[in-house]
Amino acid sequence: MESVPLKLPANLNLNTGTRKAAGDLVNDLVSPHRKGLLLAMALNLVVGISVTFQNLLPKFIMDDALLKEGLDLEQRRQRLFLFALLYVFVGIVLRAGVWHGSLRIFGRIRERCVSRLRSRFFNHVNRLCISFHNRHNSGELFSYLFGSPLTHVQQYYSLLALMLPHEVVSLTLTLVFLGSWDLLLTGVILISICVHFLVQIRARLLIREIQHDFQKTEAKVSGKVADMLRGHRAMKLYAVEESADRDFGRELDIIHDKSYWREIRSHLQQIKQESVLYIGYASLSILAGWRFLGGHITEGQLTAYLTSYIALQGPLRTFFQLALLRGSSQASLERMAALLTTESSTPDPETGVADVPLRGEIVFDHVTFGYGEEPVLSDVSLTIPFGQKVALVGPSGAGKSTIAQLILRLYDPQQGRILFNGIDIRSFSGSALRRRFGVVPQDPYMFNCSIRDNLTLVDPDADDAKLREVCEQANAWEFIEDLPQGLDTMLGEGGCTVSGGQRQRLAIARALLMEPSFFVFDEATSALDTLSEERIRDAMSRVTEGRTALFIAHRLASVENCDRILVLENGRITQDGSYAELAAAPGMFRDLLRTQNVR
Ligand SMILES: Nc1ncnc2c1ncn2[C@@H]1O[C@H](COP(=O)(O)OP(=O)(O)OP(=O)(O)O)[C@@H](O)[C@H]1O
Ligand SMILES: [Mg+2]
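Let us now look at the overall build of the protein chain. When helices and strands are tallied, the protein chain shows 20 helices and 10 strands. Principal-axis analysis of the C-alpha atoms gives the protein chain an extent of 120 × 50 × 50 Å. Expressed as a percentage of the 599 residues in the protein chain, the buried residues total 31%.

So this is what it looks like as structure tokens:
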């Protein structure tokens with residue numbers, strides 16, 4: 001087949017102008033809560049003032065109580081007691097109490113924003129096209145909803161709203177007080193803070209690199225492990241448990257090594273930062289002692305300088321954590337924003353969505369389609385009148401399932417159109433179109449819930465009598481009846497607790513329950529014994545009466561009753577006619593019949 005490279009839909013690539021998109025996303029989430037946020041931050045400022053008071057209290061205890069001239073012993077005791085009471089009041093009511101209030105307000109807002117983000121992300125990703133899902137694995141998408149990316153964002157904004165305001169206030173106010181007492185000593189503190197900052201920035205870059213490297217390894221290993229766990233049946237089947245254990249052991253060694261060195265290297269960076277603080281403290285002690293001995297500062301101020309230097313480390317730690325988290329939180333937000341602005345390659349029309357007719361012919365008008373650059377279907381033209389039963393046959397990989405997926409608008413063709421009752425199916429909403437179809441795919445998926453829930457998924461109002469009716473038509477009732485819990489039997493992950501044939505029969509029942517105008521059966525009975533297949537085929541011909549049905553099949557005996565047979569080879573329809581016509585004519589259909597020993 002000639003291969004003309006196809007132009008792929010450009011909007012499938014992730015949007016790269018994401019910095020602004022991330023900002024817009026945060027704005028959008030936060031804007032309904034601006035007042036609450038401002039209140040939480042204002043309360044936080046009160047906390048900052050309380051912390052400053054606590055930082056500087058040693059000065060007042062020394063200068064205004066213990067060493068105050070002109071007071072007798074009793075008065076000094078009383079003042080000491082008063083200061084102690086004040087300390088407790090400020091600590092419990094203003095610092096802890098008000099902080100708790102701001103935490104309550106902010107916590108509620110944060111959880112609302114996170115829920116909105118999760119729901120928006122889930123709804124959007126849920127509606128994105130199959131091509132998108134082919135490119136992004138479920139583990140990755142799941143991690144955005146409940147994994148570390150969102151946790152980083154939460155932690156970053158919690159620090160920003162709950163810690164930063166009071167840390168900034170306490171740092172600034174403390175420095176202002178200290179500066180009003182002695183500029184030289186305050187200058188030393190400031191220099192120490194600046195040096196600490198510089199060391200911090202370098203350390204931050206190094207730690208980020210280490211973290212990034214570790215996360216990459218961890219993501220790779222967890223992806224592999226998740227794949228092994230999902231493929232546990234295949235592992236047992238091929239008896240490769242031992243080599244899987246060995247593989248896992250090797251991966252663990254890598255993680256173990258990386259995790260160890262991550263901690264050691266991060267700790268070395270921490271030691272560097274602490275060393276700067278210790279050197280700063282030693283210099284401050286010498287200088288402060290010198291200024292005290294020179295009579296420039298009081299005992300109380302000396303004490304306040306020495307104690308506040310330690311207290312100022314709190315804000316420094318917060319700044320450091322903020323700087324560390326900023327990168328990962330921004331990266332997560334940008335990635336989420338990029339996913340949220342990714343458009344579907346099969347978008348619903350923005351305006352003028354057409355109603356999907358109840359019935360109508362299906363027309364392929366010079367359709368060319370490929371998943372990548374290579375076309376899988378080339379210039380397919382075809383008309384299926386309403387009510388016709390059409391069989392699609394041909395070698396594996398010829399493009400049969402692809403035709404079904406195009407009819408269902410899971411993909412849009414790159415060239416040509418598909419019309420439904422004369423209307424281009426791109427004018428319909430994809431899900432409205434698919435609701436008209438009862439589909440039994442080649443590999444039907446069962447959710448990890450009961451048989452009943454798997455069926456009522458498509459019709460929540462169906463009662464037991466209705467479920468029984470469709471299950472009987474699909475030949476599924478006979479095995480459901482034998483199950484101790486009947487319709488309430490749980491199906492396990494991917495429907496692993498029932499056989500392949502039983503899964504197919506449940507999928508047929510599910511399709512029947514939709515009472516569609518069109519059926520697509522893609523190898524719907526391939527896992528059944530011939531007797532069951534025959535019985536289901538009878539049922540199928542009954543239920544498809546007066547409706548359109550597309551049967552994709554390898555077993556040609558199963559399509560004998562169809563009105564029309566289409567033979568697909570290498571993405572082109574090479575034969576089109578009744579069973580008898582094609583059986584009599586030279587061509588692939590007759591060859592296939594011969595190989596299957598069907599007359
Ligand atoms: N999601 C996909 N991404 C890329 N290529 C795909 C995808 N799905 C199918 N293909 C390729 O498209 C071609 C047609 O696949 P299709 O599933 O339509 O074949 P088929 O006729 O249904 O085969 P079978 O009888 O084995 O089910 C194959 O070469 C297949 O590898
Ligand atoms: Mg197929």
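Moving on to the pairing of strand E6 (residues 437-440). Burial of E6 is two-sided: the residues Phe437 and Val439 facing one way and the residues Gly438 and Val440 facing the other way are all buried. In this sheet, strand E7 (residues 518-522) lies alongside E6 in parallel orientation, the contact comprising 4 bridges. Within the sheet, the bridge partner assigned to phenylalanine 437 lies in E7 and is phenylalanine 518.

Attention now goes to the sheet that holds strand E2 (residues 377-384). Pairing is antiparallel in the open sheet, where 4 strands are placed in the order E2-E1-E4-E5. Looking along the sheet, the strands with just one partner apiece sit at the ends: E2 and strand E5 (423-424). Looking at chain direction, strand E1 (residues 362-369) and strand E4 (residues 415-420) are connected through 5 bridges and run antiparallel. In the strand pairing of E4, valine 363 is matched with leucine 419. Against the sheet, helix H12 (residues 400-407) engages E1, E2 and E4, with an angle of about 120 degrees to E1.

We now examine the domain arrangement of the protein chain. Here the protein chain is described as being made up of domain 1 (17-180 + 325-345), domain 2 (183-296) and domain 3 (362-595). Summarising the inter-unit geometry, the C-alpha centres of domain 1 and domain 2 are found 23 Å apart. With 5 residues of domain 1 at the interface, the matching set in domain 2 holds 7 residues. Counting residues per element, the side of domain 1 that touches domain 2 draws most heavily on helix H6 (residues 148-181), which supplies 3 residues. For the side of domain 1 that touches domain 2, the class distribution of residues is 2 nonpolar, 3 polar and no charged.

Neighbouring ligand 1 are the residues Asn134, Tyr371, Val376, Ser396, Gly397, Ala398, Gly399, Lys400, Ser401, Thr402 and Gln442. The leading source of residues in the shell around ligand 1 is H12, at 3 residues. Classifying every residue of the shell around ligand 1 gives 3 nonpolar, 7 polar and 1 charged.

Next up on the list: the sheet that holds strand E3 (residues 389-393). Read across the open sheet, the 6 strands follow the order E6-E7-E8-E3-E9-E10; overall the sheet is mixed. Two strands close off the open sheet at either side, each with one partner strand: E6 and strand E10 (572-577). Across the sheet, the axes of successive neighbouring strands diverge by a mean angle of 15 degrees, strand direction being ignored. As judged from the 5 bridges shared by E7 and strand E8 (residues 548-552), these two strands associate in the parallel manner. When the bridges of E8 are listed, phenylalanine 521 appears paired with phenylalanine 551. Set on the sheet, helix H17 (residues 500-513) makes contact with E6 and E7; between it and E6 the angle comes to about 180 degrees.

Between the first and last C-alpha of H6 there are 46 Å, a value that for 34 residues agrees with the 50 Å anticipated at 1.5 Å per step. The sharpest bend along H6 measures roughly 45 degrees and falls at methionine 163, with the proline proline 165 sitting one to four residues further on.

Before going further, it helps to examine the nonpolar core. With 69 residues, the main nonpolar core has Ala391, Leu392, Ile508, Ala509, Val520, Phe551 and Ile565 as its most contacted residues. Element by element, the count of residues in this core is highest for H17, at 7 residues. By size, the runner-up hydrophobic cluster in this structure holds 31 residues, among which are Ala22, Tyr157, Leu324 and Ala337.

Time to look at the packing of helix H3 (residues 73-127) against helix H11 (residues 313-340). For the pair H3 and H11, interaxial distance at closest approach is 9 Å and the crossing angle is 40 degrees. In terms of their interaxial angle, H3 and H11 are classed as oblique. The handedness of the crossing between H3 and H11 is left-handed. Taken together, the residues of H11 that come into contact with H3 (itself represented by Arg120, Phe121, His124 and Val125) are Met336, Leu339 and Leu340. For the contact of H3 with H11, the per-class residue count stands at 5 nonpolar, 1 polar and 1 charged.

So, on to the packing of helix H2 (residues 34-66) against H6. Close contact between H2 and H6 brings their axes to 7 Å; oriented N to C, the two are set at 40 degrees. Once H2 is placed against H6, the crossing between them reads as right-handed. The residues of H6 that touch H2, namely those facing Leu37, Ala40, Met41, Asn44, Leu45, Val47, Gly48, Ile49, Val51, Thr52, Asn55 and Leu56, are Ala161, Leu162, Pro165, His166, Val168, Val169, Ser170, Leu173, Thr174 and Phe177.

Structurally, glycine 416 is set in strand E4. The spacing of glycine 416 and valine 367 is 49 residues in sequence and 4.3 Å in space, taken between C-alpha atoms. Among all residues touching glycine 416, those that are not within four sequence positions of it are Asp365, His366, Val367 and Thr368.

Another point: unusual backbone geometry. Here the phi dihedral of alanine 239 falls at roughly 50 degrees; this positive angle occurs in a residue that is not glycine. By secondary structure assignment, the location of alanine 239 is in the loop between helix H8 (232-237) and helix H9 (241-293). According to the C-beta neighbour criterion, alanine 239 is exposed, with 8 such atoms within 10 Å.

With 96% of its residues at a pLDDT of 70 or more, the protein chain has an overall mean of 87. Across residues 1-16, confidence stays below pLDDT 50; counting only partners more than four residues off in sequence or on other chains, it has 24 contacts.

Relative to the helices and strands, lysine 224 resides in helix H7 (residues 183-230). For lysine 224, a count of 14 C-beta atoms within 10 Å puts it in the partly exposed group. C-alpha separation for the pair lysine 224 and phenylalanine 248, spaced 24 residues apart in sequence, amounts to 8.8 Å.

Of all 5 residues in E3, 5 are buried; the element is thus mostly enclosed. Neither face of E3 is left uncovered, since the one carrying Lys389, Ala391 and Val393 and the one carrying Val390 and Leu392 both have all their residues buried. Where E3 meets E8, 4 bridges bridge the pair, whose relative direction is parallel. Directly across from alanine 391, in E8, lies its bridge partner phenylalanine 551. Pairing of E3 with strand E9 (residues 564-569) involves 4 bridges; the strand directions are parallel. Its bridge partner being in E9, valine 390 is matched across the sheet by arginine 564.

Along the chain, the position of lysine 59 falls in helix H2. Taking C-alpha positions, lysine 59 is 3.9 Å from glycine 300, a pair spaced 241 residues apart along the chain. Those residues in contact with lysine 59, other than ones at most four positions away along the chain, are Gly300, Gln301, Thr303 and Ala304.

Quick notes on the rules
Residues numbered from 1 in each chain as written. Chains lettered and ligands numbered in written order. Predicted model: local features only at pLDDT ≥ 70, side-chain atom pairs only at ≥ 80, totals over all residues. Helix = DSSP H or I, 4+ residues; strand = E, 2+ residues; numbered from the N terminus. Buried ≥ 20, exposed ≤ 12 C-beta atoms within 10 Å, placed from the backbone. Pairing = 2+ DSSP bridges. Contact = placed C-beta atoms within 7 Å. Axes fitted to C-alpha atoms, helices over the stretch in contact; angles between N-to-C directions. Domains from an automatic or database assignment. Nonpolar A, V, L, I, M, F, W, Y, C, P; charged D, E, K, R; others polar. Near = placed C-beta within 6 Å. Expected span 1.5 Å × (residues − 1). Bend = angle between axes of the 7 residues up to and from the residue. Core = buried A, V, L, I, M, F, W, Y, C linked by C-beta atoms within 7 Å. Parallel < 35°, antiparallel > 145°, perpendicular 65-115°, else oblique. Left-handed = near helix turned anticlockwise from the far one by under 90°. pLDDT = per-residue confidence, 0-100.

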